[in-house]
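Listed below are the residues making up each chain.
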Amino acid sequence: MGNLGSRAVHGNRATDVQLERLFTELSVEVTGNDKKKTTVLDVGRFKAYFSGHDKQFGHDLCVRLFGRLDNPPNQDEFVTVMKDVEEICQRDPREIIAFTFSILANQSDSLPAEILPSLFKRSFQYGMVLGVEGEVEYDPTYIVASLIASANQHLSKEDGRLHVAQFSPWCLRHCPSLFDGTRHWILSCIHGDHGQHTHTAAKQDTSSHDPDWMPYYQLPEFSAPPNSVLQLDNMIIWMLSISLPTLYMGGHHKHGPLDKMVDYPIGGEWTLLYSSAANGFSLNRFLHHCSDYRGPSVMLFSCHDNNDGTDHLLALAVDVEWRAGTFYYGNQHCRLLEIKPFFSVLADGPKRVSLNEKERGFPTGLRMMSESDGGGNCILHIPSSFDSVQIREGSSQVLTAVEVWGCGGMEVAALQQKQKHWEKKEIARRIKVKRDALEAWEDNPDRHLLEWVGVSTSRSQEQQQH
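Calculation criteria
Residues numbered from 1 in each chain as written. Predicted model: local features only at pLDDT ≥ 70, side-chain atom pairs only at ≥ 80, totals over all residues. Heavy atoms only, no water. Helix = DSSP H or I, 4+ residues; strand = E, 2+ residues; numbered from the N terminus. Buried < 20%, exposed > 50% of the residue type's maximum accessible area, 1.4 Å probe, protein only. Pairing = 2+ DSSP bridges. Salt bridge = Lys/Arg side-chain N within 4 Å of Asp/Glu carboxyl O. Polar contact = N/O pair within 3.5 Å; in protein donor to acceptor, adjacent residues only side chain to side chain. Contact = heavy atoms within 4.5 Å. Phe/Tyr/Trp six-rings, centres within 6.5 Å; stacked < 30°, edge-to-face > 60°. Lys NZ or Arg CZ within 6 Å of the ring centre and 35° of its normal. Core = buried A, V, L, I, M, F, W, Y, C linked by side-chain atoms within 4.5 Å. Axes fitted to C-alpha atoms, helices over the stretch in contact; angles between N-to-C directions. Parallel < 35°, antiparallel > 145°, perpendicular 65-115°, else oblique. Left-handed = near helix turned anticlockwise from the far one by under 90°. Nonpolar A, V, L, I, M, F, W, Y, C, P; charged D, E, K, R; others polar.

Caption draft 1: Quick look at the overall build of the chain. Per the secondary structure count, the chain includes 16 helices and 14 strands. The proportion of buried residues among the 466 residues of the chain is 51%.

Structure representation (structure tokens):
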């Protein structure tokens, strides 16, 4: 269970007064060669304050912001730099990626391949620290391996390093929100709030805290069934959050209070609509359980390649209600992801999804195309038999598990249940109407007159004879 509490959202930026208070909390008085006392930043306290679960992060950030640590800044210099940092954390994703990359790269424009695990693990840790309440006890080994497998394609063949010029386009395409957790950690530190997650200077003295601001980065709540084969957990949710639009991460679209350009995960609740473990591998049952859910949803599915023995985990995010028919649908936020063993966006865009159980003259099964209105190549095909998967032009793989999670929040889930209840009552009403009509016909004098002249009037009898 992703146990999350609600958090207030406030739109003001840190003022000079707030930053001056933060400086006071992190400063120390020193005596110079001229015997004069001055107040400067205590580098050790700054590192501890901004580190949290990653003890190296505070050091890397300090070097990135203030350069030589043997010459710490005074109050005016500190306030100026931190206001610039806050501004950077609210800019275009390209600038955020470059800034966060440079922190780990020690202001360089490239990283050695062996540093990549630290980059991804750090992003995961801060995403979990802010996005999920409680201690971070997850082992992100396979997450890091999946991201590295994708990023390694962009290592320079000349020096074997990952350059930000190549990393940034890859990140924007496949995981544009990779550093959301990191930058929100920085913002929470600037505003003086670490919540319940650390025992740093921020916990010891709350005088600099902004009472009207709290972190608004949250991952959705969910309740995975005990028989879940896919074992949805917060690690998978986080991997989806770094790639999928926030439409799927909170039940509704909402801008972060400090930003007008991008959205952030803001919590919400996912509802399990369909599970192959509970409902069976059936396209008909899939449609029955997912229809009438008028909100975005994520279909998680796993498959096994018998040729090389590889297991795959993928996600198809659909931003509209599931529909069956001979047409393509979906809006701009539809997306097909491979989560493991290789993290990648396989396809995205509007009018690329189709779901046809048995209508003739149109491809059957669940499909996603590379272009709108059925154009381009078929990227995903799950046949009507609901027992196999074909990705791109590859060989058919065995479909091993499917779960569909509604991402529209409790209100959308309640509306679906209300609609299902109405449909059930309507079916019962129509059956009763037919039964009443049949019973009335049995006692009708006209029926007896027709039978006297040799005209059969019992449809049920005719059906039994056949």
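Resuming the write-up.
Caption draft 2: Region of the structure containing the pairing of strand 2 (residues 37–41). As paired strands, strand 1 (residues 27–31) and strand 2 are joined by five bridges and run antiparallel to one another. Directly across from V28, in strand 2, lies its bridge partner V40.

Caption draft 3: Expanded view of helix 9 (residues 180–190). Most of helix 9 is tucked away, with eleven of its eleven residues classed as buried. Turning to helix 9, its buried residues are D180, G181, T182, R183, H184, W185, I186, L187, S188, C189 and I190. Positioned one or two residues after helix 9, G192 has a phi angle of 75°, which is positive.

Caption draft 4: Quick peek at the pattern of salt bridges. The final tally for this structure, using the stated rule, is ten salt bridges. Measuring nitrogen to oxygen at the nearest pair gives 2.7 Å for the salt bridge that ties R183 to D180. Note that R183 and D180 are positioned in helix 9 at a spacing of three residues, about one turn of the helix. Assigned by exposure class, R183 and D180 land together as buried. A salt bridge links R294 to D292, with the shortest nitrogen-to-oxygen separation between them at 3.8 Å. Because the salt bridges share partners, they merge into one network encompassing D292, R294, E321 and K420.

Caption draft 5: Quick peek at the side chain of D348. On the secondary structure map, D348 appears in strand 9 (residues 344–348). What makes D348 buried here is its relative accessible area of 19%. Polar side-chain contacts of D348 include one of 3.1 Å to the side chain of R173. In contact with D348, other than residues within four places in its own chain, are R173, C334, R335 and M368.

Caption draft 6: Fine view of the environment of H53. As for its position among the elements, H53 is in the loop between helix 2 (43–51) and helix 3 (55–66). Take H53: its relative accessible area is 29%, and that puts it in the partly exposed class.

Caption draft 7: View of the packing of aromatic side chains. Applying the stated criterion across every chain yields a total of 20 aromatic pairs. Arranged with centres 5.4 Å apart and planes meeting at 85°, the rings of F124 and W238 form a pair that is edge-to-face. Of this pair, F124 sits in helix 6 (residues 116–131) while W238 sits in helix 11 (residues 234–241), and the two are 114 residues apart along the sequence. A relative accessible area of 0% places W238 in the buried class. Residues F222 and W405 carry aromatic rings whose centres are separated by 6.4 Å and whose planes lie at 85° to one another, so their mutual orientation is edge-to-face. Taken together, the residues span a long stretch of sequence, with F222 in the loop between helix 10 (201–204) and helix 11 and W405 in strand 14 (residues 397–406) at a distance of 183 residues. Given the relative accessible area of 0%, W405 is considered buried. One aromatic cluster is present, formed by F23, F46, Y49, F50, F66 and F78 through successive ring pairs. In this arrangement the basic side chain of K340 is found over the ring face of Y142, its NZ or CZ atom lying 4.4 Å from the centre.

Caption draft 8: View of the environment of A277. Along the chain, A277 falls in helix 12 (residues 276–279). If near-sequence neighbours (up to four positions away) are discounted, A277 is found in contact with N227 and V229.

Caption draft 9: View of unusual backbone geometry. With an omega dihedral of 10°, the bond running from K340 to P341 counts as a cis peptide bond. With respect to the helices and strands, the residue P341 is situated in the loop between strand 8 (335–340) and strand 9. Phi at D292 is positive, roughly 70°, even though this residue is not glycine. Take D292: it is sitting in the loop between helix 13 (283–290) and strand 6 (297–304). Using a relative accessible area of 9% as the deciding quantity, one classes D292 as buried.

Caption draft 10: Expanded view of the nonpolar core. Of all hydrophobic cores here, the largest spans 81 residues; its most connected members are F46, F120, F167, W238 and L240. Element by element, the count of residues in this core is highest for helix 6, at eight residues. The contacts of F120, once residues within four sequence positions are left out, are V144, L147, I148, A151, F167, W170, L178 and W238. Grouped together as the second largest cluster of nonpolar side chains are 35 residues, L287, F386, V402 and V404 included.

Caption draft 11: Expanded view of the packing of helix 7 (residues 141–151) against helix 11. One can describe the packing of helix 7 onto helix 11 by two numbers: an axis separation of 10 Å at closest approach and a directional angle of 25°. As summarised for this structure, helix 7 and helix 11 are arranged roughly parallel, according to the angle between their axes. The two elements helix 7 and helix 11 meet at a crossing, and its hand is right-handed. Note on element contacts: helix 11 touches helix 7 through M235, I236, W238 and M239, opposite Y142, I143, S146 and L147. Residues of the contact of helix 7 with helix 11, tallied by class, amount to seven nonpolar, one polar and no charged.

Caption draft 12: Structural context of the pairing of strand 12 (residues 378–382). The element strand 12 is largely enclosed, with a buried count of four among its five residues. In this structure, strand 11 (residues 365–369) lies alongside strand 12, joined through four bridges in antiparallel fashion. By the bridge assignment for strand 12, M369 is matched with C378. Both strand 12 and strand 13 (residues 388–391) contribute to a ladder of two bridges, which runs antiparallel. Across the sheet, residue L380 finds its bridge partner in strand 13, namely I391. Between strand 12 and strand 13, which pair antiparallel one after the other, the connecting turn spans five residues, and F386 there sits at a positive phi close to 55°.

Purely spatial values, then, with no claim about function.
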